[in-house]
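This is what each chain is made of:
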Amino acid sequence: VPAPTARHRQRAAPPLSRMLDKQRVLAALTRLNEAHTRGSSWEELSRLVTALDAYSISTFLSCLHATNAQFTLPCRTGAVRLYGVVAERHPDLLKANAQRIVESTVARARDRDGGRELREACAEALGLLVAHERAAVAHALRGVLPMLAEPSEISQLGGLACIIGLLSHAGSRLSDAAAA
């Protein structure tokens, strides 16, 4: 059978090698719970981030977004750290996803059982996001500033940590956004 001509080709789905298995990502995130599997799981997740493209980023991010309070603290912390890794390695893929990443990170900064490590991961992730995607500044400030006025001390600490992360990673971008 002859190969189809360009005229007969339709927009093809991405090849299987480019498709990302959601269960694989969630399983790797879950393995962050155990100290003896944490290192290998982080390496696997980092490799997956490196291989992300326009076809697979939404699937990967949806797995990170799904890590809510039902997941253990190491899993949520790892997911938030991965937002920062995505921001560093794929700044060109952030624009369409910046708002949802900020929302998810701010939600984790509010977690009642989250400790210093989770708050620092949130601060780092938001700082890296804003450092690599200018449009994320407004989303980040809209998400973080109200946390400072909440009655919950945990939310205030999370908001303060995020502000510090924003300033340390993207201070000049924040002042540029304020001037605009």
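Residues numbered from 1 in each chain as written. Predicted model: local features only at pLDDT ≥ 70, side-chain atom pairs only at ≥ 80, totals over all residues. Heavy atoms only, no water.

Undergrad: Teacher, can you tell me more about the state of the cysteines here?
TA: Each disulfide is one covalent bond, formed between the sulfur atoms of two cysteines. In the structure shown here, the tally under the stated rule is zero disulfides. Cys122 provides the cysteine sulfur closest to Cys162, a residue in no disulfide bond, and the two sulfurs are 5.3 Å apart. By relative accessible area, which is 0% here, Cys162 ends up buried. (Disulfide = S-S within 2.5 Å. Buried < 20%, exposed > 50% of the residue type's maximum accessible area, 1.4 Å probe, protein only.)

Undergrad: Teacher, can you tell me more about the confidence of the model for the protein chain here?
TA: The predicted coordinates of low-pLDDT regions are not to be read in fine detail. Taken as a whole, the protein chain shows an average pLDDT of 86; of its residues, 84% reach a score of 70 or greater. Within the protein chain, helix H8 (residues 153-179) has the poorest average pLDDT of any element, 80, and helix H4 (residues 73-89) the best, 95. (pLDDT = per-residue confidence, 0-100. Helix = DSSP H or I, 4+ residues; strand = E, 2+ residues; numbered from the N terminus.)

Undergrad: Would you mind going over the packing of H4 against helix H5 (residues 98-109) with me for this structure?
TA: The packing of two helices is summarised by the inter-axis angle and the distance between the axes. The geometry of H4 relative to H5 is characterised by a closest axis approach of 11 Å and an angle of 145° between their N-to-C directions. The way H4 lies across H5 gives a crossing that is left-handed. For the pair H4 and H5, the contacting residues are Arg76, Val80 and Tyr83 in the first and Ile101, Ser104, Thr105 and Arg108 in the second. (Axes fitted to C-alpha atoms, helices over the stretch in contact; angles between N-to-C directions. Left-handed = near helix turned anticlockwise from the far one by under 90°. Contact = heavy atoms within 4.5 Å.)

Undergrad: Just to check I follow, could you spell out the environment of Thr67 for this structure?
TA: Position of Thr67 among the secondary structure elements: in the loop between helix H3 (57-65) and H4. Classification of Thr67 as buried rests on a relative accessible area of 1%. Along the chain, Thr67 and Thr30 lie 37 residues apart, while their C-alpha atoms are 9.5 Å from each other. Residues contacting Thr67, with those up to four places away along its chain left out, are Leu29, Cys75, Arg76, Ala79 and Arg108. Among the polar contacts made by the side chain of Thr67, one reaches the main-chain carbonyl oxygen of Leu64 at a distance of 2.6 Å. (Polar contact = N/O pair within 3.5 Å; in protein donor to acceptor, adjacent residues only side chain to side chain.)

Undergrad: Help me understand a nonpolar patch on the surface, please; the structure alone is not making it clear to me.
TA: A grouping of Leu145, Leu148, Leu160 and Ile164 is seen on the molecular surface, where their side chains present a nonpolar patch of about 350 Å² in accessible area. Here Leu148 lies in the loop between helix H7 (136-144) and H8. (Patch = residues over 30% accessible without salt bridge, like charges linked within 9 Å, V, L, I, M, F, W, Y side chains within 5 Å. Areas by Shrake-Rupley, 256 points an atom, 1.4 Å probe, with all protein chains shown as cover. Salt bridge = Lys/Arg side-chain N within 4 Å of Asp/Glu carboxyl O.)

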